[in-house]
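Summary of structural features
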Amino acid sequence: VQTGFNPQARLQQNQDLTVTTRLRKILDWVVGLTLILIGVAGGFVPFLQGWLFVLAGLAVLSSHNRYAKAALERVKAFARRLRRGRPAAEPPAKAGRRPGESRGPGS
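Thresholds applied
- Residues numbered from 1 in each chain as written.
- Predicted model: local features only at pLDDT ≥ 70, side-chain atom pairs only at ≥ 80, totals over all residues.
- Heavy atoms only, no water.
- Helix = DSSP H or I, 4+ residues; strand = E, 2+ residues; numbered from the N terminus.
- Buried < 20%, exposed > 50% of the residue type's maximum accessible area, 1.4 Å probe, protein only.
- Contact = heavy atoms within 4.5 Å.
- Areas by Shrake-Rupley, 256 points an atom, 1.4 Å probe, with all protein chains shown as cover.
- Polar contact = N/O pair within 3.5 Å; in protein donor to acceptor, adjacent residues only side chain to side chain.

Regarding the overall build of the protein chain
Of regular secondary structure, the protein chain possesses 3 helices and 0 strands. N-terminal to C-terminal, the α/β element order of the protein chain is α-α-α. Split into buried and exposed, the 107 residues of the protein chain put 11% on the buried side. If you take every contact in the protein chain between residues at least 6 apart in sequence, the share linking residues at least 24 apart comes to 30%. Summed over all atoms, the accessible surface of the protein chain reaches about 9,400 Å², with 61% contributed by carbon and sulfur.

What follows is the structure in structure tokens.
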């Protein structure tokens, strides 16, 4: 039994997929931005851990936005450095004398 090619059914299937994909993308943006806003507000409220919501919002948005993905990757790299026991960033070198260095001939 040969079913044949039905272009109308194929077109309807593609349109349904497109609508579903668009709705998913809109829902992801709404959820991601809402989580980030809650996280920012949580930075000012003592009982709400804002950074958790910001991370969750970045995770949701990272599949749709390159800036969110880059920010999430930076946070992951920071967490990896902390887990290894390394400082997040090296402190800047102080200008002036080195430890143990004298001030000059009169000191």
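Describing the side chain of Ser 62
In this structure, Ser 62 sits in the loop between helix 2 (50-61) and helix 3 (66-83). The exposure class assigned to Ser 62 is buried, which follows from its relative accessible area of 17%. Within the structure, the side chain of Ser 62 is placed 2.9 Å from the backbone oxygen of Ala 59, a separation counted as a polar contact. When neighbours within four sequence positions are excluded, Ser 62 is seen to be in contact with Ala 68, Lys 69 and Leu 72.

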